[in-house]
Structures are given as structure tokens and as C-alpha cells.
Amino acid sequence: MSKTISIAIDGPAGAGKSTIARRIAGELGFYYVDTGAIYRTVAYFMDLLGVSPKDTDGVERYIDELTVGIEYDEDGLQHMIMNGMDVTGDIRTQDISQKASLISAQPVVREVLLDMQREVARQHNVVMDGRDIATVVLPEAQVKIFLTASAEVRAKRRTDELIAKGQKADFNKILQEIQQRDYQDTHRPIAPLKMARDSVKVDTSEMTIDQVVQTIRNIVTEKTGR
Ligand code: DC
């Protein structure tokens, strides 16, 4: 099998990783792998069982009972399958965001998911987004991007997104949740969120989505010829 191409996009919650990564993957004809959704699926599964994301013994005891599947629909949208059940919509709540952040600090969870993520990238050209893709999961990735924006900008975008969907949104509460997740994700002992030495930092605070996509496409072309 010829060697596959991997594009790693890391960054904090709400930096626009999934929107950007999905667009880039679509343009290149690569698989888009949203690794946060995998952690969310684990968090959702444990939550249904009543296991706290901080309960190391409980998480270790039940993790083997979970089978996580990733499927793609015709729009390239990633679906998460938990023991045969599509939970794509169920994992997108604030509660599961927090629990995913906490459960992702459990060593057994990171260990199980590491092999799974590497296997997808071994088989396919991927744009993979997460927190530790360039540093831990795919240190050999040909392209490494660290996508970021100020916490205020990220909270504002999230607030606008919820309001556009007709939902209630409190900017200050969202900002606080984002700051809490940033803290948890950057301070856990294993594979914390940090920029790899050879990643290119793209601060999207003052950029439009199109500008970010173009910037990253230029980097991809420079590094891979694609
Ligand atoms: O990207 P997201 O918000 O869907 O991710 C949810 C949580 O999962 C995030 O707060 C930390 C964890 N995560 C991780 O630890 N490593 C990754 N590669 C992706 C996500």
C-alpha cells in the first residue's frame, strides 16, 4: 500500500477546527476525522451507564463493552456509532462537551482511541482534527496546523451559532465553559493540548472561514503538492 497523506489540525474548543477541517477534506477528497466526536461517544456511553467521567475504576471496567464505529454519509458528514446505534446528534450537548473533556484525561480511554485513530490514517488520506493529533496520534503527519482564536472570539462565535439556531445563549456562561475546557485540556498529564514544535499556528480571531481555508490550502500545497 502506498503511504497515505495526513493533515493534523489541533486547537482549543471552538477555534473552528471541524468547519475548516471538513472543508479542506472535501476539497482534497480526503477523509475528515473529528476525533473529539470519538471522545464524546465514550463520554456519552459512560453517562448512560451512570459512570462518572472522573471514575477511573468505572471507566476501566466498562470501556471494553463499548464498540465505536465511524461512518460517513453522502455529504461527508461523520456519524458516530455506539454499539450499533447512531449517536451523532446525542453527543453535541454542553453536558457531554464537559464530560468528554474530563474523560479524555483517563489513560485507558486515550490508549484505546489512539490505535483506532492511527488505523484510520494508515488506511486513508485524512484531515484529522483534535487536541493531540500532531503531538501524539500522527507525529509523522505531512501537514500540522494549530488553529486558535481568543477565548472571547470563540465564545462569541458559539453564542451567535446558538442564537442563529433559535436557542438561548448566555455569552458569559459560554465563555466560562470554554475557559474551563481550555484549562482541563491543556493541564491533563497525558497528551495535553499543546502546539507541536513543527506545527504552523493560524490565529483565526480576525479571519473569515474562507481566509482560513485558503491559508491552510496554501500550506498543504507547499508541503504536499496537493
Ligand atoms: O473537539 P471537541 O470539542 O468535540 O472535543 C471534546 C473533548 O474531547 C475535548 O474537550 C477534549 C477531548 N479531546 C481530546 O482529548 N483529544 C482529541 N484529539 C480530541 C478531543
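Keep in mind it's a predicted model, so treat the numbers as computed, not measured.

We now examine the overall build of the protein. Along the protein, the regular secondary structure elements total nine helices and eight strands. With the C-alpha coordinates aligned to their principal axes, the bounding extent of the protein is approximately 50 × 45 × 35 Å. Per-residue burial over the protein gives 49% buried out of 226 residues. Taking all contacts inside the protein whose residues are at least 6 apart in sequence as the whole, residues at least 24 apart take part in 73%. A total accessible area of about 11,400 Å² is found for the protein, and carbon and sulfur atoms account for 49% of it. Distance between charge centres in the protein, computed from 29 positive and 34 negative side chains, equals 4 Å.

Structurally, serine 199 can be placed in the loop between α8 (171–187) and β8 (200–203). Exposure remark for serine 199: the relative accessible area of 10% places this residue in the buried category. Contact partners of serine 199, with chain neighbours within four places excluded, come to Ala134, Lys144, Ile145 and Phe146.

Turning to the packing of helix α4 (residues 94–103) against α8, a few remarks are in order. Contact pair α4 / α8: the axes reach a minimum separation of 9 Å and the direction vectors enclose 15°. Judged by the angle between their axes, α4 and α8 are roughly parallel. The chirality of how α4 crosses α8 is left-handed. Packed against α4, whose contacting residues are Gln94, Ser97, Gln98, Ser101 and Leu102, the element α8 presents Glu177, Gln180, Arg181, Gln184 and Asp185 at the interface. Within the contact of α4 with α8, the residues separate by chemical class into one nonpolar, six polar and three charged.

Pairing in this open sheet of five strands is parallel, and the strands run β2-β6-β1-β7-β8 from one edge to the other. The outermost strands of the open sheet, each flanked by one partner alone, are β2 (31–34) and β8. Averaged over all pairs of adjacent strands, the angle between strand axes in this sheet comes to 20°, irrespective of strand direction. Bridge count for β2 against strand β6 (residues 126–130) is four bridges, and the pairing is parallel. Considered in β6, the bridge of valine 33 is made with methionine 128. Relative to β6, helix α1 (residues 17–28) is tilted by about 175°, and along the sheet it contacts β1 (6–10), β2, β6 and β7 (143–148). Packed on one face of the sheet, helix α5 (residues 107–123) meets β1, β2 and β6 and runs near 155° to β6.

On to the site of the ligand, then. By nearness alone, 15 residues border the ligand, and Arg40, Arg110, Arg181, Asp185 and Arg188 come closest of all. With respect to the ligand, the side chain of serine 104 contributes an N or O atom lying 3.3 Å from an oxygen atom. In the complex, 95% of the free accessible area of the ligand, which totals 450 Å², lies under the protein chains. Elements that contribute at least two residues to the shell around the ligand include exactly α2 (35–49), α4 and α8. It is α2 that contributes the most residues to the shell around the ligand, four residues altogether. Split into classes, the residues belonging to the shell around the ligand amount to three nonpolar, five polar and seven charged.

Right, let's get into helix α9 (residues 209–224). Over its 16 residues, α9 runs 22 Å from end to end, which matches the ideal 22 Å to within 8%, given 1.5 Å per residue. Three or more residues of α9 are buried, namely Val212, Val213, Ile216, Arg217, Ile219 and Val220. Considered in projection along α9, the buried side chains sweep an arc of 160° and stay on one side of the axis. Opposite its buried face, α9 presents the exposed residues Asp210 and Glu222, each directed more than 90 degrees away. The elements touched by buried residues of α9 are β1, α1, β7 and β8.

Below, the discussion takes up the nonpolar core. In globular proteins that are soluble, nonpolar side chains generally tend to be buried together. Counting residues in each nonpolar core, the largest one holds 23 residues, and the members touching the most others are Val42, Met46, Val59, Met80, Ile91, Ile103 and Val109. At eight residues, α2 tops the list of elements feeding residues into this core. Those residues in contact with valine 109, other than ones at most four positions away along the chain, are Tyr39, Val42, Val59, Ile63 and Ile103. Ile5, Ile9, Val202 and Val212 belong to the second largest nonpolar core, which has 20 residues in total.

Reading the values: rules and limits
Starting afresh in each chain, residues are numbered from 1 along the sequence in its written order. Side-chain atom pairs in this predicted model are given and counted only at pLDDT of 80 or more, local residue features only at pLDDT of at least 70, and totals for whole chains, interfaces and linings cover all residues. Hydrogens and waters are ignored; side-chain quantities use all the structure's heavy atoms. Only DSSP runs of H or I with at least four residues qualify as helices, and only runs of E with at least two residues qualify as strands; both kinds are numbered from the N terminus onward. For every residue, the accessible area obtained with a 1.4 Å probe (protein chains only) is divided by the maximum for its type, and the residue is called buried under 20%, exposed over 50%, and partly exposed between those limits. We call two residues in contact when some of their heavy atoms are within 4.5 Å. For the area figures, the Shrake-Rupley method with a 1.4 Å probe applies, and any residue is considered shielded solely by the protein chains shown. Lys and Arg are tallied as positive, Asp and Glu as negative. Neither His nor the chain termini are counted. A single reference atom marks each charge: NZ on Lys, CZ on Arg, CG on Asp, CD on Glu. Throughout, an axis means a line fitted to C-alpha atoms (over the contacting stretch in the case of helices), and angles, computed between N-to-C directions, take values from 0 to 180 degrees. To sort the angles, those under 35 degrees are grouped as roughly parallel, those over 145 as roughly antiparallel, those from 65 to 115 as roughly perpendicular, and the leftovers as oblique. Handedness of a crossing follows from how the near helix is turned relative to the far one, being left-handed for an anticlockwise turn of less than a right angle and right-handed for a clockwise one. Each residue gets one of three labels, nonpolar for Ala, Val, Leu, Ile, Met, Phe, Trp, Tyr, Cys and Pro, charged for Asp, Glu, Lys and Arg, and polar for the others, Gly among them. We treat two strands as partners when DSSP finds at least two bridges between them. For this purpose, a residue is taken to be near a molecule or strand whenever a single non-hydrogen atom of the residue falls within 4 Å of it. Polar contacts here mean pairs of N or O atoms no more than 3.5 Å apart (in protein, one a potential hydrogen donor and the other a potential acceptor; neighbouring residues in sequence count only if both atoms are side-chain atoms). The span one expects for a helix is its residue count, reduced by one, times 1.5 Å. It is the directions from the helix axis to the C-beta atoms whose arc is reported. We call a set of buried residues a nonpolar core when its members are Ala, Val, Leu, Ile, Met, Phe, Trp, Tyr or Cys and they connect through side-chain atoms within 4.5 Å of each other.

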